[in-house]
Amino acid sequence: MTIDSSWIACFKEEAPCAFTPRAPFHPDAVFCDGQIRLMPSAIDEIMGWEEYTRRQFERHIEHYLKRGVSCVILAFDDYANVPASKSMTQAKRRVRQVSFSFTARDALPPSVPRGEDFTRRISNRAFKSKVIQFVIHHIITKLECAPEQSLIIDYMGAPVRHFSRSSGRPPEPISDFSPLGEADVKFVRYASMYPKLQVDSVDGDNIPIALLHLERGGKGKISILRLQTRVRDEPTKDRK
């Protein structure tokens, strides 16, 4: 459940040095919250699913790989392991939504739904899972990166590391990691693998999760790229 955003503004007023317009370090790896990226800002034109994936995910991943990070981690919710208490939050969100019938056996429509129709459909868990499956398959079959780089997909079960298609290397499950439910709690375990980790997500939960990780003696440095918390006139993005 996302914490009230007003506390972040209070935090920034008390500790402004913790918020910077630029990254405090160059990351070894970048963690991307895929659940957030599933929701485009607006879809007004007819768009195929490949273009949707390109716009929402591929370009983002390529941006970091071109910057030289050794790994990009793309995470989604694993519904089989989401805590039961989460259902209360989901039920509250669905109160005002018009129901949409879609099952795991149904196929995605030929083009991406537009406007409010997309919002209505993506709230259906089976539809969302189908979109996630399409996105993952499309990305890993087109992945091109340097030999020393990789992409980790953290979705259902243990995370899986993928390499460039041209490398010929098969995917490698990270069996040391147990399955986790919600995407926004998955990033802390990568801080032990990568001493300098950047989290790319606007979810308000990431800041307290990172603080708890460090308070409990967790390893690594964590930088969070998120939307600006406005206290006064400042640049458009903050890092914590």
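Just above sits the structure.
Residues numbered from 1 in each chain as written. Predicted model: local features only at pLDDT ≥ 70, side-chain atom pairs only at ≥ 80, totals over all residues. Heavy atoms only, no water.

Participant: Looking at this model, I keep getting lost on the overall build of the protein chain. Mind explaining?
Facilitator: Counting its secondary structure elements, the protein chain contains 7 helices and 8 strands. Buried positions account for 45% of the 240 residues belonging to the protein chain. Pairs at least 24 residues apart make up 65% of the contacts formed inside the protein chain by residues separated by at least 6 positions. Of the accessible surface of the protein chain, which amounts to about 12,900 Å², a share of 53% is contributed by carbon and sulfur atoms. (Helix = DSSP H or I, 4+ residues; strand = E, 2+ residues; numbered from the N terminus. Buried < 20%, exposed > 50% of the residue type's maximum accessible area, 1.4 Å probe, protein only. Contact = heavy atoms within 4.5 Å. Areas by Shrake-Rupley, 256 points an atom, 1.4 Å probe, with all protein chains shown as cover.)

Participant: Would you mind showing me how to read the pattern of salt bridges here?
Facilitator: Where charged atoms of side chains with opposite charge meet at close range, the side chains can pair. Per the stated rule, a full pass over the model turns up 10 salt bridges. For Glu-58, the salt bridge identified is with Arg-54, shortest N-O distance 3.8 Å. One end of the pair, Glu-58, and the other, Arg-54, are both in helix H3 (residues 49-66), 4 residues apart, so they sit about a helical turn from each other. Glu-58 sits in the buried class, given a relative accessible area of 11%. A salt bridge links Lys-186 to Asp-154; its shortest N-O distance comes to 3.3 Å. (Salt bridge = Lys/Arg side-chain N within 4 Å of Asp/Glu carboxyl O.)

Participant: I would appreciate a short explanation of the state of the cysteines in the present structure.
Facilitator: Defined simply, a disulfide is a covalent bond joining two cysteines at their sulfur atoms. One pass over the full model with this rule turns up 0 disulfides. Not engaged in a disulfide, the cysteine Cys-32 finds its nearest cysteine sulfur in Cys-71; these two sulfurs lie 10.0 Å apart. The exposure class assigned to Cys-32 is buried, which follows from its relative accessible area of 2%. (Disulfide = S-S within 2.5 Å.)

Participant: What exactly am I supposed to notice about the pairing of strand E6 (residues 196-200) here?
Facilitator: Across the 5 residues of E6, 4 count as buried, placing the element largely inside the fold. Of the pairings in the sheet, the one linking strand E1 (residues 29-33) to E6 comprises 4 bridges and is parallel in character. Residue pairing across strands places Phe-31 opposite Val-199, the latter belonging to E6. Crossover E6 to strand E7 (residues 221-227) through helix H7 (residues 206-215) is right-handed. (Pairing = 2+ DSSP bridges. Right-handed = clockwise from strand over helix to strand, strands pointing away.)

Participant: It is not clear to me how the packing of helix H1 (residues 6-14) against H7 should be interpreted in this structure. Could you clarify?
Facilitator: Put simply, H1 and H7 touch, their axes get as near as 11 Å, and they point 55° apart. Taken as axis vectors, H1 and H7 run oblique relative to one another. Here Trp-7, Ile-8 and Phe-11 of H1 lie close against H7, whose contacting residues are Ile-207, Pro-208 and Leu-211. Taken together, the residues of the contact of H1 with H7 sort by class into 6 nonpolar, no polar and no charged. (Axes fitted to C-alpha atoms, helices over the stretch in contact; angles between N-to-C directions. Parallel < 35°, antiparallel > 145°, perpendicular 65-115°, else oblique. Nonpolar A, V, L, I, M, F, W, Y, C, P; charged D, E, K, R; others polar.)

Participant: What's the story with the environment of Tyr-64 in this structure? I'm lost.
Facilitator: Assignment of secondary structure puts Tyr-64 in helix H3. Classification of Tyr-64 by relative accessible area gives buried; the value is 2%. Sequence spacing of Tyr-64 and Pro-27 is 37 residues, and the spatial spacing of their C-alpha atoms is 9.5 Å. If sequence neighbours within four positions are ignored, Tyr-64 has contacts with Val-30, Cys-32, Val-69, Val-72, Gln-198, Asp-200 and Leu-225.

In short, the description is geometric, and any link to function would need to be established separately.
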